[in-house]
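Residue-level listing of the chains:
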Amino acid sequence: MNQLFSPLLNALKQLGVDPQALERAAGEAERTGRSLRAVLIHDNIVTEGQLTEASAIEYGIKSVDLVGYPIDPAAMAKIPLSLMLRHRVLGLSLDEDTHEITVGITDPGDVLALDDVRAATGLTVRPVVVARSDLRHIMDRLKREENDLGDLGETLRAEHQAETVSNLNSVDEDAPIVRYVNSLLEQGIQNRASDLHLEPTEHDMRVRYRIDGVLHEVDTVPRHVQSALISRLKIMSNVDITERRIPQNGRITVMINGRKVDLRTATLPTVWGEKIVLRVLDTGGINLKLDSLGFTEDNHRRFSGSFTKPHGMVLVTGPTGSGKSTTLYATLAAISKPTVNIITVEDPVEYRLPGINQVQVDHKAGLTFAAVLPAILRSDPDVVLIGEIRDRTTAQLAVEAALTGHLVLSTLHTNDAPSAVVRLTEMGIEPFLVGSSVDCVLAQRLARRLCDWCKEEYAPAEAELAGARWPTGDLALPERLWRPAGCRNCANTGYRGRIALHEVMPMSPEIERLTVQHASASEVQRTAEAQGMLALRTDGLAKAAAGQTSIQEVLRVAI
């Protein structure tokens, strides 16, 4: 037996392949200088599946079937496209705890390929064997991925007739509108978009993705297919396609890379037609660990000291899209256990959490926050989460619940933490009740995180630091900062992912006294900062100095 090919030949024999045919193939490979694998496949001696399984046996590793495999987009993005195409390797999954990346490869003996992946990612590489044809199909899709929407958009622009409703509701996946919508959803989810916007204008319809909090225009579609496009999404959302005068809400569930993703749809009549926004509710994409949400050590200690108490009110404030819900879900995950009864009331329930009783508001049925809270308090809860305090009645019920032995978590729309106590008093809650019930206020914003692949280090000028109002009393002047550059891994934006900026204000006796005295938010702010609270901008600048984001991003989201 040829010693060079012995391990692979032995593995194939274990799988029942004809030994004589294997010997002939080995001889031909040695004589012609061709790859043994190529000879075996070309001469139909083995199937691709047998060769994949034999390679796994030869190297003592696993084989993976890529068909339906849940490929992690973050793992795929770790390896530059040029390297993937050159070595025929594919990032499959990431393990942040062990700093390990699982890589699909057809020839595990290609040491050069694995070394290049290790050098490019800085991670420990764990190879698994995949079938060559499956890998080739994914590579072909990657190469044309950037142009998919554009090509389908051109097809739509070439269409002179809009799709009929019957076609849109059919199972014909090859219909241009159906293919376009499927590609729109798949590409948006793979690009980590949180929202997909389809906006009618005077002459066409604009398609935009919100990625890391910023909208990016990805395509325009002709006006004559606008109605069909919206109707297709309405059918998928199970809402009335004939109703165009009032807003409607629905839900879509799709399978992307083997995982189920929910999208919440909202239609809005405008002067040029209906606008539709799809909010991506991907539970696989949220991190429910407080330790991973960007808290500094001091802020984490101050915040965790509030929700570990048996009663009191914890408020998370910030504008829409600032990550309040994610922080509250992570907080619930931290305190959830079999001995604790947790009930939430939300509008709507965005993520289903195991072990937690979740109630969805239904305004048509009269199930509002104010109407359902008394029933919740009669259900023997230990912890109550109120999606949002919007009015005096809800605020009053939340305060009473906090004062009667319950831990209450909720959100409030204010610009910073000190403004929250002032806002509650403006709603009509007695100041002494606010001071007694509120235990902690967390204000937060989301800033884009610099891409680790391409961020550039530079020495900041004094004028730049002065323009950012660098707080020299809290932070030392940095000798170096980082700025965005742009590469394939971040779609040339310079940013990938987001990081939270926090402002944590525990309710101290001094702040409680100021609340009772109807003090202004600025007075509360000065006292809180004197007691160690870092303002949002200060926390953001500290993260800019650590290379996590840029000064420009901090100033964009925090005043």
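The rules behind each value
- Residues numbered from 1 in each chain as written.
- Predicted model: local features only at pLDDT ≥ 70, side-chain atom pairs only at ≥ 80, totals over all residues.
- Heavy atoms only, no water.
- Helix = DSSP H or I, 4+ residues; strand = E, 2+ residues; numbered from the N terminus.
- Pairing = 2+ DSSP bridges.
- Axes fitted to C-alpha atoms, helices over the stretch in contact; angles between N-to-C directions.
- Contact = heavy atoms within 4.5 Å.
- Domains from an automatic or database assignment.
- Buried area = accessible area lost by both parts, 1.4 Å probe.
- Salt bridge = Lys/Arg side-chain N within 4 Å of Asp/Glu carboxyl O.
- Polar contact = N/O pair within 3.5 Å; in protein donor to acceptor, adjacent residues only side chain to side chain.
- Nonpolar A, V, L, I, M, F, W, Y, C, P; charged D, E, K, R; others polar.

The subject of this paragraph is unusual backbone geometry. The residue Arg-88 is not glycine, and still its phi comes out positive at about 55 degrees. Secondary-structure assignment places Arg-88 in the loop between helix 6 (81-87) and strand 1 (89-95). A positive phi angle, close to 55 degrees, is found at Asp-212, a residue other than glycine. Within the element layout of this structure, Asp-212 appears in the loop between strand 5 (204-211) and strand 6 (214-222).

On to the sheet that holds strand 5, then. Judged by pairing direction, the sheet is antiparallel, and its 6 strands sit side by side in the order 6-5-4-9-8-7 without closing on themselves. Each edge of the sheet is formed by a strand with only one pairing partner; in this case those strands are strand 6 and strand 7 (249-256). On average, each strand axis in the sheet is tilted by 20 degrees relative to the strand beside it, whichever way the strands run. Note: strand 8 (residues 259-270) against strand 9 (residues 273-281), 9 bridges, orientation antiparallel. From the neighbouring strand, Leu-268 faces strand 9, where its bridge partner is Lys-275.

So, on to the sheet that holds strand 10 (residues 312-317). Pairing within the open sheet is mixed, and its 7 strands lie in the order 12-11-13-14-10-15-18. In the strand order of this sheet, the two ends are held by strand 12 (357-360) and strand 18 (495-506), each with one partner. Across the sheet, the axes of successive neighbouring strands diverge by a mean angle of 20 degrees, strand direction being ignored. As judged from the 4 bridges shared by strand 13 (residues 383-386) and strand 14 (residues 407-412), these two strands associate in the parallel manner. Bridge pairing in strand 14 places Ile-386 opposite Ser-410. Those strands touched by helix 14 (residues 369-377) are strand 11 (342-346), strand 12 and strand 13, and its axis lies near 170 degrees from that of strand 11.

The next thing to look at is the domain arrangement of the protein chain. When the domains of the protein chain are assigned, the result is domain 1 (1-60), domain 2 (172-281) and domain 3 (290-446 + 498-545). One C-alpha centre belongs to domain 2, the other to domain 3; they are set 33 Å apart. Contacts between the two partners involve 7 residues from domain 2, matched on the other side by 6 residues from domain 3. With both sides pooled, the region where domain 2 packs onto domain 3 buries about 580 Å², and carbon together with sulfur makes up 43% of that total. The tally of links between domain 2 and domain 3 comes to 0 salt bridges. At the boundary of domain 2 and domain 3, one finds 0 residue pairs in polar contact (both at pLDDT 80 or more). If one sorts the elements of the side of domain 2 that touches domain 3 by residue count, strand 9 sits on top with 3 residues. Here the residues of the side of domain 2 that touches domain 3 sort into 2 nonpolar, 1 polar and 4 charged.

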